[in-house]
Amino acid sequence: MGPRVLFVDDEPEVCEWGAAGLRRRGCTVEWRTSAADAIAYLEGGDPEVVVTDLSMPAMSGLEFCQRVVANRPDLPVIVTTAFGSLDVAIGAIRSGAYDFLSKPFDIDVLTIAVERAAQNHRLRAEVKRLRAERTSVDASGLLGESTVMRELRALLGQVSQTPSTALITGESGTGKEVAARIIHDRSARKDGPFVAINCAAMPEALLEAELFGHARGAFTDAKVARPGLFTQADGGTLFLDEVGDMPLGLQSKILRALEERRVRPVGGMGEVPFDVRFVAATNHDLESAVEEGRFRADLFYRLNVIHIAMPPLRERPGDVVLLAQRFLEELAPRFGKPVTGMSVAVVGRLSAYAWPGNVRELRNCIERAVALTRFAELTVDDLPERVRAYQPSHIVVASEQASELVTLEEVERRYIGRVLEAVQGNKTLAAKVLGLDRATLYRKLERYEHK
């Protein structure tokens, strides 16, 4: 549906000409021959763009523009005049006009200006709507109104009511620990401790001591006995983050602890019982790791009782602006900046970017923008270069140049590579996207490596 336009000019013939031309190009047009009539119409009408002549009796176009901007700041006004000059244009812009056109103008030029102004209006309305919808967003911290996020929040609510072990998978920055905390906070164990450990952050010996605890004298500097995280989390939830990076030698001990609910501290003689709900997370493809011998199959099946997949941000682009606005409102007071919103151009760039770092990258982007901006509204110049300059990637499989034509096998190889890049090397997910079983995908990749 084309833009809704209010056309204002004291000459009826000009109104009829402009309205007819815009209607032929799909616009819905109302026209008035005085600023007073136009103001009266705006009290009940809902145009997306106002086009007004500058020279009108009683109330000039500039005065009318100022009135519109004061009462309807999101409504763009295009000012037109037969007496075009730089000073007149500057005066119109200072009065709050969105655009300025000199008469006589071509109807196609007017149409382009109207469509651009209408897009501006709609983007601002969308930002306003998303702000209003904040009250409907789950207070848990997993923001988003997309279908996939609604389903995820519902699933987490169900999982929290069970005692089963859960495995959360997803790319870095998608909020896996946030999801784990939601499961704990809504569970019967919410009054117990939530203990988290990053299994990729320390060597095997230290990780074992952290998890199982150690007896006095178990190793150098072990002057006192120390309980491990299994027992520290007793009555609550133990979150094993980046479990896919756990050393293979430690995996069998973790499996035994999960099955028997007892641990033997390093250097200790007896076993200590514990009562813990386990939640694990990884950004790796554990099924591929099992097939490649890097992860124990029995531990994988023990952890993967309930699987929770965290969607990457690129799969829910409609949530990007909502998240960005929430981060802006959270960070602006911290930096002492009176920043309240984002320009339409910023909304466009944020929506177009692929966000390989997901929600974490978006938050960092907004933090940088808030820290650097000099205005009450974020501008494109405040964004990181990678976001400003981003262009969606395309796969070039052939061109009109005969010398660049490629074989069907090469087309397949390039596309598989692009899919793997998009899913950050997750072969199981790539196989699903490609419609292949994993064994077939592995054979193709192996064949490509030997060519």
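Residues numbered from 1 in each chain as written. Predicted model: local features only at pLDDT ≥ 70, side-chain atom pairs only at ≥ 80, totals over all residues. Heavy atoms only, no water.

A word on the sheet that holds strand β2 (residues 28-32). Pairing in this open sheet of five strands is parallel, and the strands run β2-β1-β3-β4-β5 from one edge to the other. In this open sheet, the two strands that pair with only one neighbour each are β2 and β5 (99-102). Neighbour-to-neighbour, the strand axes of this sheet turn through a mean angle of 20 degrees, independent of strand direction. Here strand β1 (residues 4-8) runs beside strand β3 (residues 49-53); their pairing, made up of four bridges, is parallel. For F7, the partnering residue across the bridge sits in β3 and is V51. Against the sheet, helix α1 (residues 12-24) touches β1 and β2, its axis set at about 175 degrees to β2. Packed on one face of the sheet, helix α2 (residues 35-42) meets β1 and β2 and runs near 155 degrees to β1. (Pairing = 2+ DSSP bridges. Helix = DSSP H or I, 4+ residues; strand = E, 2+ residues; numbered from the N terminus. Axes fitted to C-alpha atoms, helices over the stretch in contact; angles between N-to-C directions. Contact = heavy atoms within 4.5 Å.)

Checked against the element boundaries, D99 lands in strand β5. Residue D99 is classed as buried on the basis of its relative accessible area of 15%. Of the polar contacts made by the side chain of D99, one reaches the side chain of R116; its length is 2.8 Å. Sequence-distant contacts of D99, defined by excluding residues within four places in its chain, comprise V77, I78, V79, A113 and R116. (Buried < 20%, exposed > 50% of the residue type's maximum accessible area, 1.4 Å probe, protein only. Polar contact = N/O pair within 3.5 Å; in protein donor to acceptor, adjacent residues only side chain to side chain.)

It is worth spelling out helix α19 (residues 438-449) at this point. Its 12 residues give α19 an end-to-end C-alpha distance of 16 Å, which sits within 8% of 16 Å, the value for a rise of 1.5 Å per residue. The opening residue of α19, the one whose side-chain oxygen lies 3.2 Å from the backbone nitrogen of A439, is D437. (Expected span 1.5 Å × (residues − 1).)

It is worth spelling out the packing of aromatic side chains at this point. Tallied over the entire structure, the rule returns nine aromatic pairs. Here F230 and F274 contribute two aromatic rings whose centre-to-centre distance is 5.2 Å and whose plane-to-plane angle is 45 degrees, an arrangement assigned as tilted. Highlighted residues: F230 in helix α9 (residues 229-232) and F274 in the loop between β12 (272-273) and β13 (277-282), separated in sequence by 44 residues. Both residues of the pair, F230 and F274, count as buried. By the ring-pair criterion, three or more aromatic residues cluster together here, those being F212, F230, F274 and F278. (Phe/Tyr/Trp six-rings, centres within 6.5 Å; stacked < 30°, edge-to-face > 60°.)

Turning next to the pairing of β13. With six of its six residues buried, β13 lies for the most part within the structure. Burial along β13 is two-sided: R277, V279 and A281 and F278, A280 and T282, pointing in opposite directions, are all buried. In this structure, strand β6 (residues 166-169) lies alongside β13, joined through four bridges in parallel fashion. Each residue of the ladder has a partner; that of L167, found in β13, is A280. Looking at chain direction, strand β10 (residues 237-241) and β13 are connected through four bridges and run parallel. For T237, the partnering residue across the bridge sits in β13 and is R277.

Function cannot be read off these values alone, since they describe shape.
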